[in-house]
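Spelled out, the chains give:
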Amino acid sequence: MSTPDAQHAPSRTALRICPLCEATCGLTLTIEGTRVTGARGDRDDVFSHGFICPKGASFGELDADPDRLTRPLIRRTSGGELEEASWEEAFDAIAEGLRPLVEEYGPNAVGVILGNPNVHTMAGALYPPVLLSGLRTRSLFTASTLDQMPKHVSSGLLFGDALAIPVPDLDRTDHLLLLGANPLESNGSLCTAPDFPGKLKDLKKRGGTLTVVDPRRTRTARLADRHLAIRPGTDALLLASMAHVLLDEGLADLGVLEPHVEGMAELRDAVRDFAPEAVSAACDVPADVIRTLARELAAAPTAAVYGRIGSSTVEFGTLASWLVDVLNTLTGNLDRPGGALFPLSATDRAPRPAAPGKGFALGRWHSRVSGHPEAKGELPTAALAEEIDTPGEGRIRAVISIAANPVLSAPDGNRLDRALESLDFMVSVDPYLNETSRHARVVLPPPPPAQSAHFDFAFNAFAVHNQVRYSRPAIPLREGALDECEIHARLILAATGMHGAPPDAVDAMVIERSLDKAVGDPHARVHGRDPKELAAQLTGDSGPERRLDLMLRLGPYGDGFGANPGGLTLSRLLEHPHGLDLGPLRPRVPQLLKTRSGRIELLPAPIAADLPRLRGALADRPTGFLLVGRRHLRSNNSWLHNVPSLNRGTNRCTLHIHPEDATRLGLTDGVPVRIKGDGGEVEAPAEITDTVRTGVVSLPHGWGHDRPGTRMAVASASPGVNSNQLLDGTRLDPLSGTAVLNGVPVQLSAGDPLAPKN
């Protein structure tokens, strides 16, 4: 429901958790009428304590972007233009367009694409799992296989749970080794930490050591005590060599984890070939430096190893992610204060007795065309185009795209662009008409973030300090708008054959099933109770709030519907608008382990089977250029380029190249450079800088806003080039299906200054 526009209401303030990156900082918004006119850090926020970055400061500008869609769009005829329509027409069109395809070709004919912004919204966390369950499709593609899937796979294999991802205990560690991470620009990733830069500076102030491994001298690297400009894509070799040193020199010490770890002898054999002297030339790090890194890690009072996108979206991404936690384990720093610990979020399941679990399996099904194995229920996004445009039984004929722009974020956007155009039907949930949503038959625009509630279901599970916060909408829905959760609920009903049912039916169904499962669980505090009686106790102004209340009550800090008096409920959380501090991270092994053995399995079979491929890389000596991406503090993938204040200044979509390489190629600052990869060519201006090592060039991702049919005026005025067009999608990390986006071989040549730009 919406309320009339109170345009002349007096100025006021409201609290809101920032949804624009993984730091989840608390904001204090200034609101005049129904417009956000300012945003500053909330000094009383229990987690961020007033920290804010340029993205958070631009919240009001993003919220009021005139290019945001305000009404649904429908393409009424094939090849026709998208036109504004009512919500009823939009959901009617979805039901009429999708259901016949499902009934004729089966559920896998519908592909679901989930973009990165989903995990930044309450609706994106609560409803896509229900949609997938209702559709019963296995054709799921998400941003995870363009980013963090290697970490999910390695965690699944090590701990039995793909969501059990340890994070560095930034506030208490003495020694931090970062690989392929630039948190001074990204604000952190799979490590939710407001003011990550401040935490690194505090580490150094208390006498700690920061080492950064990155082929670029990033802002984070400049802060480090030691920066190693490694050859891109060889992080797994470096980490394997460090593991070799720890085991070979008798430096490994599991500490209290020893009873809960298996596979030490097998691991010793597995890394025997990765001595520093064997690895040094391949990763371009001196052997004595590798030994020093390992010895310092072992000697530190507490230490943590943390790797992110630069070590994840590479040829050996899963092996590198696995080895990060192998090193944390071998040094006794896994699940230890000051090391790498597992957060316990308020909506996680309550702790239960340690016991063996079902484990984690890969390849339960495979993609139709190239036979890629699924990982965590997903197929590689790099394979999406071929699953649409390759004829034959089982091809994808319809797509539901939610907050996704794979035309820019996935390899070979040109092919995917053509494939999406060929679909029988497509629906997109997106506030913009962007490079992907412009192909949809129906576009459903969610309201601006100030008009939505916010709870960080995903990022609280990666937080460096346990806490819980919730923001109700800061501004009432404008007239004619639908709440984002209602949009998702009605999409589920239209897509799964229940079109016309009330949207609350979706939430009621989830609540009923969740309570039935909980009361049947002998380890749950509500075991054996009446589900209807429990449901009647739930509070909240909407179905989503009732679901949140349920999750909080059943969670590790919850009241258990009276079993834990004084425990967490939605009502109690609402009494604390700046959030509740739930304490520092604490050890959670062995209770969180879900492996079949009930122990940390140091050398899982899929990892062991992939190690010969890593041994083969010992002889690799790239002779050309290797391309890496880069982050920017005023950007987040492809979705903030239409905000004027975040798109000012010098051209950010440039090719960084070392002065020696530029001289050899006859390049000067600003001249166009033609970059050629497996999937195509793009042209970008050269930016000569010694912040990138020789033989390596860097181009940011998420750009290329020059395709026709979009409605993003600011972004299209400074479009940049799409770095992923250099990729053809065939380079994947085989265990996780993640696209190789870093360490990609490219060829460079002087561009034509008169040629049209890509």
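Reading guide: rules and limits
Residues numbered from 1 in each chain as written. Predicted model: local features only at pLDDT ≥ 70, side-chain atom pairs only at ≥ 80, totals over all residues. Heavy atoms only, no water. Helix = DSSP H or I, 4+ residues; strand = E, 2+ residues; numbered from the N terminus. Rg over C-alpha atoms; globule rule 2.2 N^0.38 Å. Buried < 20%, exposed > 50% of the residue type's maximum accessible area, 1.4 Å probe, protein only. Core = buried A, V, L, I, M, F, W, Y, C linked by side-chain atoms within 4.5 Å. Contact = heavy atoms within 4.5 Å. Axes fitted to C-alpha atoms, helices over the stretch in contact; angles between N-to-C directions. Left-handed = near helix turned anticlockwise from the far one by under 90°. Nonpolar A, V, L, I, M, F, W, Y, C, P; charged D, E, K, R; others polar. Salt bridge = Lys/Arg side-chain N within 4 Å of Asp/Glu carboxyl O. Pairing = 2+ DSSP bridges. pLDDT = per-residue confidence, 0-100. Phe/Tyr/Trp six-rings, centres within 6.5 Å; stacked < 30°, edge-to-face > 60°. Lys NZ or Arg CZ within 6 Å of the ring centre and 35° of its normal. Expected span 1.5 Å × (residues − 1). Polar contact = N/O pair within 3.5 Å; in protein donor to acceptor, adjacent residues only side chain to side chain. Arc of directions from axis to C-beta. Parallel < 35°, antiparallel > 145°, perpendicular 65-115°, else oblique.

J.: Residue-level account of the overall build of the chain, with values.
T.: Within the chain, the regular secondary structure consists of 26 helices and 28 strands. Here the C-alpha atoms of the chain give a radius of gyration of 25 Å, agreeing with the 27 Å that 2.2 N^0.38 yields for 758 residues. Here the C-alpha coordinates of the chain stretch approximately 70 × 70 × 55 Å along the principal axes. Counting the 758 residues in the chain, one finds 61% classified as buried.

J.: I'd like a rundown of the nonpolar core, residues and numbers included.
T.: Core analysis: the biggest nonpolar cluster contains 63 residues, and L238, L239, M242, W322, I600 and L614 have the highest contact counts within it. Sorting the residues of this core by element identifies helix 6 (149-159), strand 9 (175-179), helix 10 (235-248), helix 11 (264-270), helix 12 (276-283), helix 13 (287-299), helix 15 (317-330) and helix 24 (605-616) as the ones contributing at least two each. Residues contacting M242, with those up to four places away along its chain left out, are L177, I290, L293, A294, L297 and L327. In this structure, L131, A403, C485 and I492 belong to the second largest nonpolar core, which totals 58 residues.

J.: Outline the packing of helix 3 (residues 87-105) against helix 19 (residues 484-495), supporting the account with residue identities and numerical values.
T.: Two elements in contact, helix 3 and helix 19, have axes separated by 8 Å at closest approach and are oriented at 35°. Regarding helix 3 and helix 19, the two cross each other, and that crossing is right-handed. Listed contacts from helix 19 to W87, E88, F91, I94, A95, L98 and R99 of helix 3 are I487, R490, L491, A494 and A495. Per-class residue counts for the contact of helix 3 with helix 19 are nine nonpolar, no polar and three charged.

J.: Tell me about the pattern of salt bridges, and name the residues and values.
T.: Summed over all chains, the structure comprises 43 salt bridges. Linking R219 and E185 is a salt bridge whose minimum nitrogen-to-oxygen distance equals 3.9 Å. Pair noted here: R219 is in helix 9 (residues 219-223) and E185 is in helix 7 (residues 183-186), with a separation of 34 residues, a long-range link. The exposure class of E185 is buried, given its relative accessible area of 14%. Close ionic contact of R674 with E681 constitutes a salt bridge, the shortest N to O distance being 3.7 Å. A cluster of three or more residues bridged by salt bridges with shared partners is formed by E249, E277, R291 and R295.

J.: How would you explain the pairing of strand 10 (residues 209-213) if you had to name every residue and give the values?
T.: Counting buried residues along strand 10, four of its five residues qualify, which places the element largely inside the surrounding structure. Of the strand pairs in this sheet, strand 9 and strand 10 are connected by five bridges, and their pairing is parallel. The residue of strand 10 that forms the bridge with L178 is V212. As defined by bridge partners, strand 10 adjoins strand 11 (residues 226-228) across three bridges and the pair is classed as parallel. Along strand 11, the bridge assignment pairs V213 with L228.

J.: Before we move on, could you go through the confidence of the model for the chain and cite the residues and values that matter?
T.: Here the chain averages 95 in pLDDT, while 98% of its residues score no lower than 70. Across residues 1-7, where pLDDT falls below 50, the model places 16 contacts with residues more than four positions away in sequence or in other chains. Long-range and interchain partners of residues 754-758, a stretch whose pLDDT sits below 50, account for ten contacts in this model, where long-range means more than four residues apart.

J.: Just give me the short version of the sheet that holds strand 3 (residues 35-41), but keep the residues and values in it.
T.: Strand order in this open sheet of three strands is 1-2-3, and the pairing throughout is antiparallel. On the outer flanks of this sheet lie strand 1 (12-17) and strand 3, each paired with one strand and no other. Across this sheet, the average inter-strand angle for adjacent strands is 30°, counted without regard to direction.

J.: I'd like a description of the packing of aromatic side chains, backed by residues and values.
T.: Counted under the stated rule, the structure contains four aromatic pairs. Over the ring of Y127 we find R547; its NZ or CZ atom is 5.0 Å from the centre of that ring. For the cation-ring pair, R553 lies above F561, with the distance from its terminal atom to the ring centre recorded as 5.0 Å.

J.: Hey, could you go over helix 20 (residues 504-519) for me, with residue numbers and the actual values?
T.: Across its 16 residues, helix 20 extends 23 Å between first and last C-alpha, which sits within 8% of the 22 Å expected from 1.5 Å per residue. Buried-residue contacts for helix 20 involve helix 5 (128-135), helix 19, helix 21 (531-537) and helix 22 (543-554).

J.: Go over the side chain of H656, please, and point to the residues and values.
T.: Of note, H656 is situated in strand 22 (residues 655-657). Look at H656 and you get buried, because its relative accessible area is 10%. Side chain to side chain, H656 and R630 meet in a polar contact 3.4 Å long. Sequence-distant contacts of H656, defined by excluding residues within four places in its chain, comprise R216, R630, E687, T689, T691, V692, V696, V697 and S698.

J.: An account of helix 13 is requested, with residue identities and associated values reported.
T.: Along its 13 residues, helix 13 runs 18 Å from first to last C-alpha, staying within 8% of the 18 Å computed at 1.5 Å per residue. Those residues of helix 13 lying buried are A287, I290, R291, L293, A294 and L297. Relative to the axis of helix 13, the buried residues are bounded by an arc of 155° and lie together on one face. Opposite the buried face of helix 13, by more than 90 degrees, sit the exposed residues D288 and A299.

J.: So, the sheet that holds strand 24 (residues 681-688): which residues are in play, and what are the values?
T.: Within a sheet, neighbouring strands are paired by backbone hydrogen bonds and run either parallel or antiparallel to one another. Spatially, six strands are ordered 21-25-22-24-23-28 in a closed barrel, and the strand pairing comes out mixed. Averaged over all adjacent pairs, the angle separating strand axes in this sheet is 45°, with direction ignored. Of the pairings in the sheet, the one linking strand 22 to strand 25 (residues 696-698) comprises two bridges and is antiparallel in character. Bridging from a neighbouring strand, I657 pairs with V697 of strand 25.

J.: Any chance you could break down the environment of F561 for me, citing the residues and the numbers?
T.: Inspection of the secondary structure puts F561 in the loop between helix 22 and helix 23 (570-574). Overall, the relative accessible area of 4% leaves F561 in the buried class. Along the primary structure F561 and V526 are separated by 35 residues, whereas in three dimensions their C-alpha atoms are 7.2 Å apart. Those residues in contact with F561, other than ones at most four positions away along the chain, are L515, V526, R529, L534, Q537, L538, L550, R553 and L554.

J.: Talk me through the packing of helix 6 against helix 15; I want residue IDs and the actual numbers.
T.: Two numbers describe how helix 6 lies on helix 15: the axes approach to 8 Å, and their chain directions differ by 50°. Classified by the interaxial angle, the pair formed by helix 6 and helix 15 is oblique. Crossing geometry of helix 6 relative to helix 15 is assigned as right-handed. Between helix 6 and helix 15, the contacting residues are P150, K151, V153, S154, L158 and F159 on the first element and G317, T318, S321, W322, V324 and D325 on the second. Looking at the contact of helix 6 with helix 15 residue by residue, the class counts come to six nonpolar, four polar and two charged.

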